[in-house]
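Spelled out from the first residue to the last, the chains are:
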Amino acid sequence: MIPSVQQIIELERKLAVMEDNLKKEKLFAIGELSARLAHDIRNPLSVIKTSINILVSKGDVDAKTMEMYERMERAVERITYQIDDVLNFVKPRVSSLKNTSLDEILASVLARIEIPKTVVMTTPTKNIEFVGDIISLEIVFVNLITNALQAINNSGEITISADVQNEKIIIKIHDNGPGMPSDVVPKIFDPLFTTKQTGTGLGLTSCKTIIEQHGGHIEVESAVGKGTTFVVTLPYRRII
Ligand SMILES: Nc1ncnc2c1ncn2[C@@H]1O[C@H](COP(=O)(O)OP(=O)(O)OP(=O)(O)O)[C@@H](O)[C@H]1O
Ligand SMILES: [Mg+2]
């Protein structure tokens, strides 16, 4: 018997649901495994980090050896960054809503990221005090600013602006990098999507989860040659 159009549509829908469930199960399994791995790597990694720091601080070695120490330091930093990326993705918890402010969050984020002198960084002129989870919001801005720095290749402009409109906080992070092609834009919040050689593709997925756990949303405006703007919208819960 030839199936009707209706039956085909229904079959396709079921297939799509099955595929979606399979993808979720796979992601869950990957998440569990990566979390355990990432967690277990952290301790030996910090032993290596501390040991290199001690060796560097002694300083009684020739230039070539020092260069090797510094290479090791950078390699450890890269592994640490990727582990944090995985852990932030697997366990993004908005655990404690407290009085905070945009100034407080950005100051702490900018203390963690090295901004090269070749970057013109503009931060909001007006502070906004609100209720949010500072730890997880820091993860959001570390990721967005790191992406912007990578997009401009450490040389260009990054502008962060913020405003309150209709009981919502709107924060924009703009960079004058190359922008994204239209076929890339719909994929950037998907887990493991990356166009970078050393990227994990988890940064924006974590940002989206955290912002949504706050009751907000994140959007992007980007086009090739026009740079990129991420727009973060958060509910404006006033401090008490
Ligand atoms: N500011 C930006 N300008 C241009 N492309 C961007 C920008 N931010 C994100 N992207 C694109 O979105 C992709 C996904 O970003 P995401 O932060 O999730 O992962 P990633 O930066 O590749 O790796 P990581 O997990 O280390 O953050 C990037 O690979 C890049 O193609
Ligand atoms: Mg990233």
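Rules of the game
Residues numbered from 1 in each chain as written. Chains lettered and ligands numbered in written order. Predicted model: local features only at pLDDT ≥ 70, side-chain atom pairs only at ≥ 80, totals over all residues. Heavy atoms only, no water. Domains from an automatic or database assignment. Contact = heavy atoms within 4.5 Å. Buried area = accessible area lost by both parts, 1.4 Å probe. Salt bridge = Lys/Arg side-chain N within 4 Å of Asp/Glu carboxyl O. Polar contact = N/O pair within 3.5 Å; in protein donor to acceptor, adjacent residues only side chain to side chain. Nonpolar A, V, L, I, M, F, W, Y, C, P; charged D, E, K, R; others polar. Patch = residues over 30% accessible without salt bridge, like charges linked within 9 Å, V, L, I, M, F, W, Y side chains within 5 Å. Areas by Shrake-Rupley, 256 points an atom, 1.4 Å probe, with all protein chains shown as cover. Helix = DSSP H or I, 4+ residues; strand = E, 2+ residues; numbered from the N terminus. Buried < 20%, exposed > 50% of the residue type's maximum accessible area, 1.4 Å probe, protein only. Near = heavy atom within 4 Å.

Trainee: Any details on the domain arrangement of the chain? Residues and values, ideally.
Mentor: By the assigned domains, the chain splits into domain 1 (5-90) and domain 2 (98-235). A C-alpha centroid distance of 21 Å is found between domain 1 and domain 2. Contact residues are listed per partner, giving eight residues for domain 1 and ten residues for domain 2. For the pairing of domain 1 and domain 2, the buried interface totals around 880 Å² over both sides, and the portion due to carbon and sulfur atoms is 59%. Of all residues in domain 1, Asp85, Asn88 and Phe89 bury the most surface against domain 2, accounting for 52% of the area lost on that side. Linking domain 1 with domain 2 are zero salt bridges. For the pair domain 1 and domain 2, the number of links is two residue pairs in polar contact (both at pLDDT 80 or more). The residue makeup of the side of domain 1 that touches domain 2, split by class, is four nonpolar, two polar and two charged.

Trainee: Give me the lowdown on a nonpolar patch on the surface, citing residues and values where you can.
Mentor: Residues Leu33, Leu37, Ile41 and Ile79 make up a contiguous nonpolar surface patch of roughly 340 Å² in combined accessible area. The element contributing the most residues to the nonpolar patch is helix H1 (residues 5-58), with three residues. Relative to the elements of secondary structure, Ile79 occurs in helix H2 (residues 63-90). Here Ile79 falls in the partly exposed class, since its relative accessible area comes to 39%.

Trainee: Any details on the site of ligand 1? Residues and values, ideally.
Mentor: The full set close to ligand 1 counts 19 residues, and Asp85, Thr194, Thr195, Lys196 and Leu204 are the nearest of them. Note that an oxygen atom of ligand 1 is positioned 2.5 Å from one of the side-chain N or O atoms of Thr195. When isolated, ligand 1 has an accessible area of 600 Å², and the protein chains bury 95% of it. Elements that contribute at least two residues to the shell around ligand 1 include exactly H2, helix H4 (134-151), helix H5 (203-213) and strand S7 (228-235). Class assignment of the residues belonging to the shell around ligand 1 gives a composition of eight nonpolar, eight polar and three charged.

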